[in-house]
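Overview (structure and organization)
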Amino acid sequence: MTDRDTSRTLAHPGAGEIRLEGVLHALSDPVRLSIVFDLAASSDDLACSYFDLPVTKSTTTHHFRVLRESGVVRQAYRGTTKLNALRRDDLDALFPGLLDSVLASAAAEAARLAA
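Structure report, in brief. Please read all numbers here as calculations on a predicted model, not as lab measurements. (Residues numbered from 1 in each chain as written. Predicted model: local features only at pLDDT ≥ 70, side-chain atom pairs only at ≥ 80, totals over all residues. Heavy atoms only, no water.)

1. Digging into the pairing of strand β2 (residues 73-78)
One ladder, built from 6 bridges, connects β2 with strand β3 (residues 81-86); its direction is antiparallel. Paired with Y77 across the strands is K82, a residue of β3. The hairpin formed by β2 and β3 contains 2 residues between the paired strands, and G79 there has a positive phi angle of roughly 70 degrees. (Pairing = 2+ DSSP bridges. Helix = DSSP H or I, 4+ residues; strand = E, 2+ residues; numbered from the N terminus.)

This is the structure:
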């Protein structure tokens, strides 16, 4: 690995470092929840540019950082693209049913508000 590659490695908490309060905080924001919803619906890692968010680029960066630092997503560079993946296995092992419950509740709320 070159020095350039090393500088582009992002820090992630280990599975044992993920805390419920951090995950709940990350999922409490509507923008971050929409990111997680899209990641959960995709079988592929998604680039940051995939998401059409109603915030500035710097605020988008903040939201992805909160998700990464809380352990909700894993980010990795592929060339100049930062890819995002939901850490479903870790979250399901640590907090069984939490992610599915939050996503189902968010979908139900969205349907209720659209009606």
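2. Quick notes on the pattern of salt bridges
One pass over the structure, following the stated rule, counts 5 salt bridges. The partner of R88 in a salt bridge is D92, with the nearest N and O atoms 3.7 Å apart. Of the two residues, R88 and D92 are both situated in helix α5 (residues 88-94); the distance of 4 residues between them amounts to about one turn of the helix. Here R88 falls in the partly exposed class, since its relative accessible area comes to 25%. (Salt bridge = Lys/Arg side-chain N within 4 Å of Asp/Glu carboxyl O. Buried < 20%, exposed > 50% of the residue type's maximum accessible area, 1.4 Å probe, protein only.)

3. Details of the packing of helix α3 (residues 30-41) against helix α6 (residues 98-114)
To describe two helices that pack against each other, one gives the angle between their axes and the distance between the axes. Interhelical geometry of α3 versus α6 gives an angle of 110 degrees and a closest axis separation of 11 Å. As summarised for this structure, α3 and α6 are arranged roughly perpendicular, according to the angle between their axes. The segment α3 lies against α6, with L33, V36, F37 and A40 engaging L99, V102, L103, A106 and A107. Of the residues belonging to the contact of α3 with α6, the class tally is 9 nonpolar, no polar and no charged. (Axes fitted to C-alpha atoms, helices over the stretch in contact; angles between N-to-C directions. Parallel < 35°, antiparallel > 145°, perpendicular 65-115°, else oblique. Contact = heavy atoms within 4.5 Å. Nonpolar A, V, L, I, M, F, W, Y, C, P; charged D, E, K, R; others polar.)

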